[in-house]
Amino acid sequence: MNRPAMSATDEMRAKYEPVIGLEVHAQLKTKTKIFCPCATTFGASPNTQVCPVCLGLPGVLPVLNERAVEFAVMTGLAVGATIHPRSIFARKNYFYPDLPKGYQISQYDRPLCEGGGVDIYSDGEKKRIGLVRIHLEEDAGKSLHPEGKEGVSTTRVDLNRAGVPLIEIVSEPDIRSGAEAYAYLTKLKQIVVYLDVCDGNMEEGSLRCDANVSVRPRGQEKFGTKTEIKNLNSFRYVEKAIAYEIDRQIALIESGGRVVQETLLWDSARNVAETMRSKEEAHDYRYFPEPDLLPVDLEDHWVEGLRETLPELPDALRERLVREQGIPEYDAEVLTETRSLAAYYEEVATRSGQPKLASNWIMTEVNAVRNKTGDTIDSFPIRADRLGDLVGMVASGRVSGKIAKQLFELMLASPDGPEALVQKHGLLPIEDDAALRALALEVLAANPGPTAEFRAGKEKTFAFLVGQAMKQSRGRAHPEKLQAALRAVLGEAAS
Amino acid sequence: MSAPLVLESAEALAAAVAKGERSAADVTRAFLAQADRTAPILGTYLHRLAESALRDAEAIDRRRAKGETLGALAGVPVALKDNICVRGVPTTCGSKILEGYRPPYDAHVVERLRAADAVIVGKTNCDEFAMGSSTENSAYQVTKNPWNLECVPGGSSGGSAATVAACEVPLSLGSDTGGSVRQPAAFCGVYGLKPTYGAVSRYGLVAFASSLDQIGPFARSARDTALIHSALCGRDARDMTSRADARPIALDGLEKDLTGFRLGVPRAILDEAGAGLAPSIRAAFEAAISAFERAGATIVDVALPHARYAIATYYLVAPAEASSNLARYDGVRYGARRSEGDLRGMYEATRGAGFGREVKRRILLGTYALSAGYYDAYYLRAQKVRTLIRKDFLDALEVSDTLLLPITPTPAFKIAEKTDDPLAMYLSDIFSIPASLAGVPALSFPASFDASGLPIGLQLVGRPFDEATMLRVARAYEREHDAASRAPAIATAGGGGAR
Amino acid sequence: MPIDVSVVRKIAALARLRIEPSEEERYARELDGILGFVEQLQALDVSGIEPTSQVTAGERPALRPDEVCASDVRDEALAGAPERDGDYFKVPQVV
Ligand SMILES: [Mg+2]
Ligand SMILES: [Zn+2]
């Protein structure tokens, strides 16, 4: 059913508090599927990564992939969740063409992890978003609906993805806006990518999100009726869809209507959410313990061993950069976007001995180029050692900021270090008095008018003459010494 | 006179083939000829593999000629219940919904049989998806009891039991979920073993009720039963519930006598069958007890207080698991599809036309037991009772080494006698189901015959992974009685004769 | 709760099973009989008893190492499909 986007006014919005919980499915970066040894490579041609198990043939049995458990536990540890010593797989029964067995092997009342949370920034304020649980499950295949010319009505099924390991991360209803949802997703993605358990690629579906949205009058304890929005395959869509749904619910209630529990599908082309399933048609999944698998029993020392191997996580790394390099929170936030960017920064800072200057150069020059070229820091042509040297030269006054920018441009195209480029392109600063005096004479001769004006006492023209001289020297003239030379020459009696 | 080849034991045949005294091809030909004669009368097979069987046998002979040592089942023909997958060979589970289906892979037991140089000769008839006690639920044909063609062979592995009884093969495999190996074994006068849950890999066995299913062999002697079990048991990485604790059985160990052995007898369970228990069965049971006593065993009275709840428990647990296991038959990837409009129409038409009444009844029952609002009252409660039933067995097997129970309340019944009353059919599983729920090993062995000449079997139940002790007890009985060595007339009509 | 035709229809729909109207009455009767029989379990006190969803004795096997092992069943599997569209399984439109 199609619904016109009803919009709420600000004073309407002021009366209500949105309550949002997210269910995120993250695809684990294992080589093989969760219950069979098929490869998980994305984009393989249809039904090539299949075997009797993931095809759901009669007589086959699932065998749990050790690495999938490891990755799920690592994620749980990273968000401070409780890792249960025993968790149990359950069958979620429903019929769909891309669900080969007629049930999905998931976890129900005994998940792998419970609790924990992640910190986000909501307009400047630090805020904790709690987690309900993290559990392991298998992905379904892909149903493709070829562009239906009228009359042609078939579905094609590709089972390459069936059985790929997922973790489902369920948040508490702690989120209050689309923007907070966006921040939460960004943080989750950052964590799983830091852990290297998920590639975080939304286009390829390695991260998927469903949102549960409700609103309640401010100050009311009881939750309002919630709706679930599916098909949110980008962080921006999540933000948009949630904002849309909050407004729809508020406007609906304000106009005397009632929110009905239903599942909505986000249409990113038209920016509307449409009913997919109403509560009446809701599934009865008939969960029961999977008899073909054993309970997942985790030894304490095994879990602790994993904890040891966890990489430094974004929050810890950010705090360390602030502490050790003395750079502002904001810089640290930007520089810890990925592990390799942070590592790049640390090398530049150490090599140049200029933590803040290094940070400025990366946040402005380097990121500006990367935003244009789409380079990751690892593919960025100027490696940390060369940038470190450049920053060092700026700091020591070996080159002016202006020259440094020229060098930076040259370094993008050449493997040479900044010092070599200075030599090669004659970019050494002009500091020698005779050379500067000659330059000054040249400029005054070329500008008789302004020279006369200055001599007539028009001090303002001095800046103009300095500029002309700088230009003449292609920025290489030593500023103070140049000014001194000009004043000296100007001071001499006109002849 | 020397007995005809088809009456010989698998052990003797394998030894002869391994020594080169007989060729695998000759052995296979002899059994194929027997089946050519009797299988059409009995309806034992859904699919025979005469050509490939001979080819396999000849390959085995060539390998021997090259000086290779052959496996424990060298040249021994084996039949498989039609719910065990063989690559490229039709596997229907006795159901229309799998008509024309050929699995693209081999079951673990098939790999094991081939590794032991056995020769696979065909797929036997069974109740649809192993749901039944008479093989009358097969969508394809009725199988007859070799001892009386008017009687059922039992089920669900009726074809596998009958083909061994009729000497069409020395050995066969069935599957036992609530008695589907042991009950037909009793009806057909042969041995039927349900191994400990986890002793034999289920990989390639089409699932009925995953927490209960076990593949089990049929044979005509205790030693042959041990021989094939030893070839099949053990850990398989493709079945997480399979266990390395299952070890091969030393045949010599079966010859030890019973002095100092404690036989547990849960007499009270006989009353559970009430009037349903045939006098001939009770008599055979009592006679067996004294026989074991004479053989040196100490008789220990034991109780299985919760066994009475076994049928109710089983008919919640098994259908619940089945309703989920059979969801994959949706007409999408294999089997027979019926198209009707949209996807849902296809699903309902395909499953409606593909499944038989008994299967539909159990899918409905299981779906109900798992559905929202009933799970706790039915499925969960049944699982708790299951805990009590298992504990009963483990306690009884603390004070005794093996238990003796009947396996069926009556000998084989007449074809079509019980088809109209599902509950009555279910109730006849009273003696076989408890051991299934407990996951302990159980063996049905030929004990005697009733006045009408129908076989009577009794059941031994052992400790987890102690199949050896049950077989040793059965072997002791076998030494003193001829029930196991008799063959039905149809088996010998071809010129055989009792040994 | 007694099983009537409406319940049979409801669970048949859940299980995607076509039941002919002429059969509904009989299934209702049979299921009602069986469920009546299993009622005996309600008499048993199972408080504090752990459920048994599988019986596994003996040593626990290790999990599967994350190593790819390609399967060769694909062509056979597609060839056995009721309907295919190139390398895809083909089914009626989901509506
Ligand atoms: Mg999920
Ligand atoms: Zn696979």
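One can find the structure itself at the top, above this paragraph.
Parameters and conventions
Residues numbered from 1 in each chain as written. Chains lettered and ligands numbered in written order. Predicted model: local features only at pLDDT ≥ 70, side-chain atom pairs only at ≥ 80, totals over all residues. Heavy atoms only, no water. Donors = N, O, S within 2.8 Å, 3.2 Å for Na, K, Ca; no water. Tetrahedral: all angles 85-135°; square planar, octahedral: opposite > 155°, others 65-115°. Buried < 20%, exposed > 50% of the residue type's maximum accessible area, 1.4 Å probe, protein only. Helix = DSSP H or I, 4+ residues; strand = E, 2+ residues; numbered from the N terminus. Pairing = 2+ DSSP bridges. Right-handed = clockwise from strand over helix to strand, strands pointing away. Contact = heavy atoms within 4.5 Å. Buried area = accessible area lost by both parts, 1.4 Å probe. Salt bridge = Lys/Arg side-chain N within 4 Å of Asp/Glu carboxyl O. Nonpolar A, V, L, I, M, F, W, Y, C, P; charged D, E, K, R; others polar. Axes fitted to C-alpha atoms, helices over the stretch in contact; angles between N-to-C directions. Core = buried A, V, L, I, M, F, W, Y, C linked by side-chain atoms within 4.5 Å. Polar contact = N/O pair within 3.5 Å; in protein donor to acceptor, adjacent residues only side chain to side chain. 1 Å grid on protein atoms, 1.4 Å probe; cavity = no way out; pocket = protein on both sides within 12 Å on 5 of 7 lines; lining within 4 Å. Points joined across faces, edges and corners; volume = space filled by probe spheres on them. Phe/Tyr/Trp six-rings, centres within 6.5 Å; stacked < 30°, edge-to-face > 60°. Lys NZ or Arg CZ within 6 Å of the ring centre and 35° of its normal. Parallel < 35°, antiparallel > 145°, perpendicular 65-115°, else oblique. Expected span 1.5 Å × (residues − 1). Arc of directions from axis to C-beta.

Caption draft 1: Inspection of the coordination of the zinc ion (ligand 2) at higher detail. All names here are of chain A. The zinc ion (ligand 2) binds to the protein through Cys36 (SG), Cys38 (SG), Cys51 (SG) and Cys54 (SG), with metal-donor distances spanning 2.3 to 2.4 Å. Around the zinc ion (ligand 2) sit four donor atoms; with metal-centred angles ranging over 99 to 118°, the donor geometry is tetrahedral. Here the donor residues for the zinc ion (ligand 2) map to a single chain with the spacing C-x1-C-x12-C-x2-C.

Caption draft 2: Quick look at the pairing of strand β3 (residues 119-124) of chain B. All names here are of chain B. For β3, a buried count of six out of six residues is recorded, marking the element as mostly surrounded by other parts of the structure. Bridge count between strand β1 (residues 45-48) and β3: three bridges; the pairing is antiparallel. Within β3, the residue paired with Tyr45 across the bridge is Thr124. Read from strand β2 (residues 77-81) through helix α4 (residues 108-115) to β3, the crossover connection turns out right-handed.

Caption draft 3: Seen up close, the interface of chain C and chain A. The interface of chain C with chain A comprises 29 residues on the first partner and 44 residues on the second. Contact with chain A buries area across many residues of chain C, yet Arg64, Asp66 and Tyr88 of chain C alone supply 25% of it, more than any other trio. Connecting chain C to chain A are two salt bridges. Elements with a contribution of two residues or more to the side of chain C that touches chain A: α3 (74-79) and β2 (88-92) of chain C. Ranked by residues supplied to the side of chain C that touches chain A, first place goes to β2 of chain C with five residues. By residue class, the composition of the side of chain C that touches chain A is 15 nonpolar, five polar and nine charged. Here four bridges tie strand β10 (residues 154-158) of chain A to β2 of chain C, and the two strands are oriented antiparallel to one another.

Caption draft 4: Representation of the coordination of the magnesium ion (ligand 1). Residues and elements named next belong to chain A. At the metal site, the magnesium ion (ligand 1) is ligated by His25 (NE2), Glu137 (OE) and Glu168 (OE), and these contacts range over 2.0 to 2.3 Å. Along the chain, the residues that donate to the magnesium ion (ligand 1) are spaced as H-x111-E-x30-E. Here the residue Glu137 occupies a position in strand β8 (residues 125-138), and Glu168 occupies one in strand β11 (residues 165-171), the gap between them amounting to 31 residues.

Caption draft 5: Geometry of the sheet that holds strand β5 (residues 103-107) of chain A. Read across the sheet, three strands follow the order β5-β4-β16 (chain A) without closing on themselves; strand pairing throughout is antiparallel. Because the sheet does not close on itself, it has two edges, and the strands there are β5 and β16 (288-289) of chain A. In terms of strand pairing, strand β4 (residues 89-93) of chain A meets β5 of chain A through five bridges, oriented antiparallel. Residue pairing in the sheet places Lys92 of chain A in a bridge with Gln104 of chain A of β5 of chain A. Together, β4, β5 and β16 of chain A form the strand contacts of helix α10 (residues 310-325) of chain B, whose direction differs from that of β4 of chain A by roughly 65°.

Caption draft 6: Layout of the nonpolar core. Leu73, Phe129, Phe292, Leu404 and Phe445 of chain B are the most contacted members of the largest nonpolar core, which totals 170 residues. Residues in contact with Leu73 of chain B, not counting those within four places in the same chain, are Ala14, Leu113, Ala116, Asp117, Ala118, Leu171, Leu227, Ile228 and Ala231 of chain B. Of all hydrophobic cores here, the second largest spans 108 residues; its members include Leu28, Ala78, Leu341 and Leu390 of chain A.

Caption draft 7: Structural view of unusual backbone geometry. All names here are of chain B. A cis geometry characterises the amide bond from Gly155 onward to Ser156, with omega recorded as 5°. Inspection of the secondary structure assignment puts Ser156 in the loop between β3 and α5 (158-165). Positive phi values are uncommon outside glycine, yet Ala416 reaches one of about 70°.

Caption draft 8: Seen up close, the interface of chain C and chain B. With 59 residues of chain C at the interface, the matching set in chain B holds 69 residues. For the pair chain C and chain B, the two sides together bury roughly 5800 Å², of which 64% comes from carbon and sulfur. Contact with chain B buries area across many residues of chain C, yet Arg16, Arg18 and Val55 of chain C alone supply 13% of it, more than any other trio. Our count for the contact surface shared by chain C and chain B stands at seven salt bridges. Among the ionic pairs, Arg357 of chain B bridges to Glu30 of chain C, the shortest N-O distance being 3.6 Å. For the interface between chain C and chain B, the tally reads 20 residue pairs in polar contact (both at pLDDT 80 or more). Considering every element that reaches the side of chain C that touches chain B, the biggest residue donor is helix α2 (residues 21-38) of chain C, with ten residues. Among the residues making up the side of chain C that touches chain B, the classes are represented as 36 nonpolar, ten polar and 13 charged.

Caption draft 9: A look at empty space enclosed by the protein. Residue and element names in this part refer to chain B. All told, the structure shown has seven cavities of 30 Å³ or more when counted by the stated rule. In this structure, the largest cavity spans a volume of roughly 140 Å³. Each residue belonging to the lining of the largest cavity can be placed in one class, and the counts come to twelve nonpolar, two polar and three charged. Empty space within the second largest cavity amounts to approximately 90 Å³. Considering the residues around the second largest cavity, the lining is formed by 14 residues, among which Gly132, Ser133, Ser180, Tyr314 and Asp429 are closest to the centre. By residue class, the composition of the lining of the second largest cavity is five nonpolar, seven polar and two charged.

Caption draft 10: Main features of the sheet that holds β2 of chain C. Strand order in the open sheet formed by four strands is β9(A)-β10(A)-β2(C)-β1(C), and the pairing between neighbours is antiparallel. In this open sheet, the two strands that pair with only one neighbour each are β9 (142-144) of chain A together with β1 (84-85) of chain C. Bridging between β9 of chain A and β10 of chain A involves three bridges; their strand directions are antiparallel. Along β10 of chain A, the bridge assignment pairs Leu144 of chain A with Arg156 of chain A.

Caption draft 11: Structural detail: the packing of aromatic side chains. By the definition in use, this model includes 28 aromatic pairs over all chains. When the centroid spacing of 6.1 Å and the interplanar angle of 65° are considered together, the rings of Tyr285 of chain A and Tyr287 of chain A count as edge-to-face. A centroid spacing of 5.7 Å and a plane angle of 90° characterise the contact between Phe187 of chain B and Phe413 of chain B, whose relative ring orientation is edge-to-face. Taken together, the positions of Phe187 of chain B in helix α6 (residues 182-188) and Phe413 of chain B in the loop between β9 (402-406) and α14 (422-427) put the pair 226 residues apart, joining distant regions of the chain. Looking at Phe187 of chain B, the relative accessible area reads 3%, which means it is buried. Phe413 of chain B sits in the buried class, given a relative accessible area of 4%. Aromatic ring contacts, followed pair by pair, group Tyr101, Phe129, Tyr329, Tyr334 and Phe355 of chain B into a single cluster. The positively charged end of Lys92 of chain A is found above the aromatic ring belonging to Tyr285 of chain A, 4.4 Å away from the centroid. Geometry around Phe462 of chain A places Arg487 of chain A over its ring, the cationic atom sitting 3.9 Å from the centre.

Caption draft 12: Broad picture of the packing of helix α14 (residues 448-455) of chain A against helix α16 (residues 479-491) of chain A. Residue and element names in this part refer to chain A. Orientation of α14 relative to α16, taken along the N-to-C sense of each, is 75°, at an axis distance of 11 Å. The pairing of α14 with α16 is recorded here as roughly perpendicular in orientation. Facing Thr451, Phe454 and Arg455 of α14, the residues of α16 in contact are Arg487, Val489 and Leu490.

Caption draft 13: Focus on helix α13 (residues 433-446) of chain A. Residues and elements named next belong to chain A. The terminal C-alpha atoms of α13 lie 20 Å apart, and with 14 residues this matches the ideal 20 Å at 1.5 Å per residue to within 8%. Every buried residue belonging to α13 is among Leu436, Leu439, Ala440, Val443 and Leu444, and all of these are buried. The buried side chains of α13 occupy one side of the element, clustering within an arc of 130° when seen end-on. Along α13, exposed side chains directed more than 90 degrees from the buried face belong to Ala434, Ala445 and Ala446. Taken together, the buried residues of α13 touch α14, α15 (461-472) and α16.

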